[in-house]
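As a plain string of letters, each chain reads:
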Protein chains: 2
Amino acid sequence: MSSHPPLLDLVADDLILVEAKMQATNEVFQPLAEAINLLLHSGGKRIRPSLALLAGRLYAAAERDRVVSLAAAVEMLHSATLVHDDVIDGALLRRGKATLNAAWSPGATILAGDYIFARAASFAAETDNVRVMRIFSETLMTICDGELRQLYAMGNWHQPRDAYYERIYGKTAALFASATESAAVLGNAPEAEIAALRDYGYKVGMAFQIMDDILDFVGDASTVGKPVGNDLRQGTVTLPVFHYMQDNPEALAVMEATSNGHAGADPLGELIADIRRSPAIEATRQEAVQFIADAKALLAGWPDSIYRQALEQVADYVVARTF
Amino acid sequence: MSSHPPLLDLVADDLILVEAKMQATNEVFQPLAEAINLLLHSGGKRIRPSLALLAGRLYAAAERDRVVSLAAAVEMLHSATLVHDDVIDGALLRRGKATLNAAWSPGATILAGDYIFARAASFAAETDNVRVMRIFSETLMTICDGELRQLYAMGNWHQPRDAYYERIYGKTAALFASATESAAVLGNAPEAEIAALRDYGYKVGMAFQIMDDILDFVGDASTVGKPVGNDLRQGTVTLPVFHYMQDNPEALAVMEATSNGHAGADPLGELIADIRRSPAIEATRQEAVQFIADAKALLAGWPDSIYRQALEQVADYVVARTF
């Protein structure tokens, strides 16, 4: 993580344990082990496990090895969804590196993703906590549900903005929420604190995905690892588009023409360039900033500590990051 | 299940609960719910949940609703693997009915399979037993590992027979084994009985897959739901082929010629017809019969009961079934 929040160093040792845990061992079928280890070295930001580890530090009762297992479960689950996403999109690159999908047949990639899901579930089982495992399986259902909704919504230009928030909850915020919620569960936290930490994770996750959707428009294609405006080109309407359409209702006709095949040279490319330069980007960013402010406000219920400060820093980082 | 073992009626009521549990509720995204319910009505034999339910009946301590959750978890996990298998094979039919893959895009089908995995994991969580959940996640890893090995072994005609047993353990017997093992765990059985019931499930599962591999050669294409000799045509070497090659080493050249593209009219079709008529089929069936005899012998450790008899009947059924 470039210019990462300095207080993340508090859990640097635990993150090393998480990485070691995720590595495939010698017992795994050799081609699969190589694929997993390649995937783990593809430069993820590890923000989800970091949140789990930091939230766990708020509670002396949260045993270190169990929180490490939780953090590994969360990151493995995230990795498995990426593997399947790349098969579904036919993506050959992620973060500028070759995907597993690029090297393997779709069939092998699907099975590798399934294996990584199973490994995530086994890490969740290592927390030895039934409630955490229940949260884990429900989160996976929410994620799949969200991705299916996104797939079905592709090319549907007439949709309410609420459908966007619902989709990014499923796609991203649900896992963030369960990472911090589960850490509180492992800490035997009171129910109100479990709920507040879940909500903190939810809000940070919403902001994270909104920033991702902004970066899809304004990011540098080489660092984001996919072409600018990729979401819109694939038929996915994200928050910047909703903001842009508010002031430019005529954009709808451009999008409809594209999906009807009536497009001229590259009107969608022009629309993407327009959105990129428009105030819609800043209006969208303000929503992310608000989510982060609300997330940090939730932390006010805990006594000031270096770990609470770290959770605040991570939240701030989410809206400051440039890739 | 046509002509099913009569003592299976002992758990008929529980199987109805399992079916009801697996049905998607109104809360699920509508197209996904329809897909799941269609899948559940595609005529599975429900042998795995039946084994879990019957094994649970050996123990008064095994609470009914937990064993029902376990049985649903096992069958949902099996269903999820079928959904992904059909995407991987590009199969449009299963048991003579249209697959989910035939109606949906590959992307949506992959996500539906993931959702069904997650649902299986949530049923496993409903057993409220960490050990069962651990067995569950490990079994899923074993299954994926087995399927990947099978994918890698395709078209590899020179392989030891042991590789076959290893593959069908991963592909089939592992889940049978964990169904009966987990039921014993829920019954607070002594470790020796847990191990014996696991072994019973393992042996029944091995016999089940061997019979499946025989039926691929001798079954009626319309009831098996795929063309005769499909495995060999796809490059998968099964036990009847190993037995046949023992007496007919020249068959190897026919298979090699096929995969090299040097085949004539349909030499593989002739080979399949030869295997179908050969003593290799009966020799293979004898191996399944032996697994079943060994499985039943393991049950001798329990006092005679109607449930033990039912487990014996199910075992016998596995080698008697014709589809």
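Since this is a predicted model, take the numbers as computed values, not measurements.

### Topic: the overall build of chain A
For step 1, the next point in the chain: Looking only at helices and strands, one finds 16 helices and two strands in chain A.
For step 2, the next point in the chain: Computed over its C-alpha atoms, the radius of gyration of chain A comes to 20 Å, within 12% of the 20 Å expected for a compact globule of 323 residues.
For step 3, the next point in the chain: For chain A, the residues scored as buried account for 51% of the 323 residues in total.

### Focus on the nonpolar core
For step 1, the next point in the chain: With 209 residues, the main nonpolar core has Ala207(A) and Ala207(B) as its most contacted residues.
For step 2, the next point in the chain: Considering each element in turn, this core owes the most residues, 14 residues, to helix α4 (residues 64–89) of chain A.
For step 3, the next point in the chain: Beyond its immediate stretch of four places on either side in the chain, Ala207(B) contacts Ala288(B), Phe291(B), Ile292(B), Val318(B) and Val319(B).

### Points about the relation of the copies chain B and chain A
Each copy of the chain is related to the other by a rotation around an axis and a translation along that axis.
For step 1, the next point in the chain: At an RMSD of 0.0 Å, chain B and chain A line up after a rotation of 180° and a shift of 0.0 Å along the axis. This pairing of chains is accounted for by a two-fold axis. Of the C-alpha atoms belonging to chain B, the one lying closest to the rotation axis is found on Val130(B), 3.0 Å away.
For step 2, the next point in the chain: Interface overlap between copies is the fraction of interface residues in one copy that are interface residues in the other; for chain B against chain A it reaches 100%, indicating a shared surface.

### Structural notes on the packing of helix α12 (residues 239–247) of chain B against helix α15 (residues 280–298) of chain B
Residue and element names in this part refer to chain B.
For step 1, the next point in the chain: Put simply, α12 and α15 touch, their axes get as near as 8 Å, and they point 125° apart. Put simply, α12 runs oblique to α15. When the axes of α12 and α15 are compared, the crossing they make is right-handed. In this structure, α12 uses Leu239, Pro240, His243 and Tyr244 to contact α15, whose residues at the interface are Ala280, Ile281, Ala283, Thr284 and Glu287.

### Observations regarding unusual backbone geometry
For step 1, the next point in the chain: Even without being a glycine, Asp128(A) presents a positive backbone phi close to 60°.
For step 2, the next point in the chain: Assignment of secondary structure puts Asp128(A) in the loop between α6 (106–126) and α7 (130–153).

### Comments concerning helix α7 (residues 130–153) of chain B
An α-helical turn contains 3.6 residues, so a residue and the one three or four places further along point in the same direction.
Residue and element names in this part refer to chain B.
For step 1, the next point in the chain: The terminal C-alpha atoms of α7, which comprises 24 residues, lie 35 Å apart, in line with the 34 Å expected from a rise of 1.5 Å per residue.
For step 2, the next point in the chain: The element α7 is largely enclosed, with a buried count of 17 among its 24 residues.
For step 3, the next point in the chain: Of the residues trailing α7, Gly155 is marked for its positive phi of about 80°.

### So, the interface of chain B and chain A
For step 1, the next point in the chain: With 33 residues of chain B in contact, the opposing surface of chain A contributes 33 residues.
For step 2, the next point in the chain: Residue assignment for the side of chain B that touches chain A shows that the elements contributing at least two residues are α2 (30–40), α4 (64–89), α6 (106–125) and α7 of chain B.
For step 3, the next point in the chain: It is α7(B) that contributes the most residues to the side of chain B that touches chain A, 14 residues altogether.
For step 4, the next point in the chain: The residue makeup of the side of chain B that touches chain A, split by class, is 21 nonpolar, four polar and eight charged.

### So, helix α16 (residues 306–320) of chain A
For step 1, the next point in the chain: Between its first and last C-alpha, α16(A) extends 21 Å over 15 residues, near the 21 Å set by a 1.5 Å rise per residue.
For step 2, the next point in the chain: Of all the positions in α16(A), only Tyr307(A), Arg308(A), Ala310(A), Leu311(A), Val314(A), Ala315(A), Tyr317(A), Val318(A) and Val319(A) are classed as buried.

### As for the environment of Ala295(B)
All names here are of chain B.
For step 1, the next point in the chain: By secondary structure assignment, the location of Ala295 is in helix α15.
For step 2, the next point in the chain: Judged by C-beta crowding, with 26 C-beta atoms within 10 Å, Ala295 ranks as buried.
For step 3, the next point in the chain: In the structure, Ala295 is positioned 91 residues away from Val204 in sequence and 6.3 Å away in space, judged by C-alpha atoms.
For step 4, the next point in the chain: Not counting residues up to four positions away in its chain, the partners in contact with Ala295 are Tyr200, Lys203, Val204 and Ala315.

### Topic: the confidence of the model for chain A
Detailed conclusions should not be drawn from predicted coordinates in areas where pLDDT is low.
For step 1, the next point in the chain: Of all residues in chain A, 93% attain a pLDDT of 70 or more, and the chain-wide mean is 90.
For step 2, the next point in the chain: Across the interfaces of the predicted complex, the ipTM metric reaches 0.89, alongside a pTM of 0.91.

### Looking at the environment of Ala52(A)
All names here are of chain A.
For step 1, the next point in the chain: Note on placement: Ala52 falls in helix α3 (residues 47–57).
For step 2, the next point in the chain: The class for Ala52 is buried, based on 32 C-beta atoms found within 10 Å.
For step 3, the next point in the chain: Spatially, the C-alpha atom of Ala52 lies 10.0 Å from that of Leu311, the residues being 259 residues apart in sequence.
For step 4, the next point in the chain: Once residues within four sequence positions are removed from consideration, Ala52 is found in contact with Val67, Leu70, Ala71, Val74, Ala179, Thr180, Ser182 and Ala183.

Criteria and cut-off values
- Residues numbered from 1 in each chain as written.
- Chains lettered and ligands numbered in written order.
- Predicted model: local features only at pLDDT ≥ 70, side-chain atom pairs only at ≥ 80, totals over all residues.
- Helix = DSSP H or I, 4+ residues; strand = E, 2+ residues; numbered from the N terminus.
- Rg over C-alpha atoms; globule rule 2.2 N^0.38 Å.
- Buried ≥ 20, exposed ≤ 12 C-beta atoms within 10 Å, placed from the backbone.
- Core = buried A, V, L, I, M, F, W, Y, C linked by C-beta atoms within 7 Å.
- Contact = placed C-beta atoms within 7 Å.
- Least-squares fit on C-alpha atoms with pLDDT ≥ 70 in both.
- Axes fitted to C-alpha atoms, helices over the stretch in contact; angles between N-to-C directions.
- Parallel < 35°, antiparallel > 145°, perpendicular 65-115°, else oblique.
- Left-handed = near helix turned anticlockwise from the far one by under 90°.
- Expected span 1.5 Å × (residues − 1).
- Nonpolar A, V, L, I, M, F, W, Y, C, P; charged D, E, K, R; others polar.
- pLDDT = per-residue confidence, 0-100.

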